[in-house]
Every structure is written in C-alpha cells, then in structure tokens.
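Observations on chain architecture
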Amino acid sequence: MKSGIINVLLLFSITGSGQSGLVFTKSFNQKLERYDIEFFLPVERWLKPAPYTRDDFMQYDLVLHSPPDIEIRIDIDSDHKKFVPTVEIQRTVAHLATNDENEYVEFTRYPASYAHNYFGADLVMYADFTPKESLTSFPNARMLCLYKESRALIKFIILYKDQLDPYFKIPLKFNSRRPVDG
C-alpha cells in the first residue's frame, strides 16, 4: 500500500509539469530546462543515477541503472552546428557497436510527422545493435536519437539483457517552445 502511494505521487510529480521537483543531477536538470526537454520516468521501474559519466567511448550527461537488467546513458549534445545529425548518429553507433561481422546493426528512422507529433523533434532514429564488450557486459543495446534544429541532439542509449520495456518507446521529447539561441 505504502509503495503504491509513493508511485502515484512520483507519477504526478513527473507528468504534471515535466521534471518539476525531480532532480537527477543539477547539470542534467539544467540541460532539460534549457533545451525544453521532457523526460518521462517510469513509476514501475526503479532507475537510480550511477556515479560515473564517462567511459572510453563517450561522455554522458546522466547514467541511470535499474539493476540487474537495464542501464541508460544519456548525452545531450547542444553543439548542433558541428554535425549532420544522421551522420553523427551512425558514427556514434559504429563507435559503440561490436566489430563482430556476425552481429548486425539495424537503423530505423521515423517519418517526419511521427517525429514531430510524438517527440517534438525534427528527426528521430534508433539503432539496435550488440555493444562492444569493452563498453558494457549487457548483450543488447538500443540508441534512440532525437534531433531538434537549433536545440540539441539527444542520444539515449539503453543497455539491456532480455527485452525492452514498452516505456522505452517514448522516454523523452522536446516541448514546442521557441529555439534556443547559441
């Protein structure tokens, strides 16, 4: 009973006004606010911040664990003038995926109308792949990428054991306010 009440209160605090009252890290919350990104935290899954934000492959704004079967690594790249989004997404996946020729990488790009209506983004792609062993011990990975011109490219990397929770279909989105300058 007590955990049910806590879950309901957590749901209201997250869905009522985006991230109000919920602090992951100060810098991550500042990026969410600056780029007007809404991050949906599932009430049925315990996600807790991990102590590291860098590995040999990337630097992350936030790393979340849901032991023992899920890890999430999030990078919000606001230097949108330095890359072509589709090329950057493919480059990142090539960097993180295993080099084993028997493994596959599958890219899916959502239609522009779907990207806009569900994610508030100009471009949404995801890639399913087997990660390098030096990146993680998890056997599966999905990188969901959202790009909004004049805002940011979000790389939402999910490392997991068996199957993905339906929550990971739309875990975050851009809200529709004016573009960020600089």
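Report on the accompanying structure. These numbers were taken from a predicted model, which means no experiment stands behind them.

The rules behind the values
- Residues numbered from 1 in each chain as written.
- Predicted model: local features only at pLDDT ≥ 70, side-chain atom pairs only at ≥ 80, totals over all residues.
- Heavy atoms only, no water.
- Helix = DSSP H or I, 4+ residues; strand = E, 2+ residues; numbered from the N terminus.
- Buried < 20%, exposed > 50% of the residue type's maximum accessible area, 1.4 Å probe, protein only.
- Contact = heavy atoms within 4.5 Å.
- Areas by Shrake-Rupley, 256 points an atom, 1.4 Å probe, with all protein chains shown as cover.
- Salt bridge = Lys/Arg side-chain N within 4 Å of Asp/Glu carboxyl O.

Okay, the overall build of the chain next. Tallying secondary structure elements over the chain gives 4 helices and 9 strands in all. Along the chain, helices (α) and strands (β) appear in the sequence α-α-β-β-β-β-α-β-α-β-β-β-β when read from the amino end. For the chain, the residues scored as buried account for 47% of the 182 residues in total. A fraction of 56% describes how many contacts in the chain between residues 6 or more apart in sequence connect residues 24 or more apart. Summed over its atoms, the accessible surface of the chain is roughly 10,000 Å², and 51% of this surface lies on carbon and sulfur atoms.

Once that is clear, we can look at the pattern of salt bridges. If the charged atoms of two oppositely charged side chains come close together, the side chains can form a pair. Counting across every chain of the model gives 7 salt bridges. Asp55 serves as the salt-bridge partner of Arg73, at 2.6 Å between the closest nitrogen and oxygen. Taken together, the residues span a long stretch of sequence, with Arg73 in strand E4 (residues 70-77) and Asp55 in the loop between strand E2 (48-49) and strand E3 (62-66) at a distance of 18 residues. A salt bridge links Glu88 to Arg91; its shortest N-O distance comes to 2.8 Å. Here Glu88 and its partner Arg91 are both found in helix H3 (residues 85-96), 3 residues apart, which amounts to about one turn of the helix.

Moving on, we come to unusual backbone geometry. Backbone torsion omega between Pro67 and Pro68 reads 0°, so that peptide bond is classified as cis. Within the chain, Asp36 stands out as a residue other than glycine whose phi angle is a positive 55°. If you trace the backbone, Asp36 turns up in the loop between helix H2 (26-34) and strand E1 (37-39). Accessibility expressed as a relative area gives 16% for Asp36, which makes it buried. The phi angle at Ser150 is positive, at roughly 70°, despite the residue not being glycine. As for its position among the elements, Ser150 is in the loop between strand E7 (140-148) and strand E8 (152-160).

These results come straight from atomic positions and should not be treated as a statement about function.
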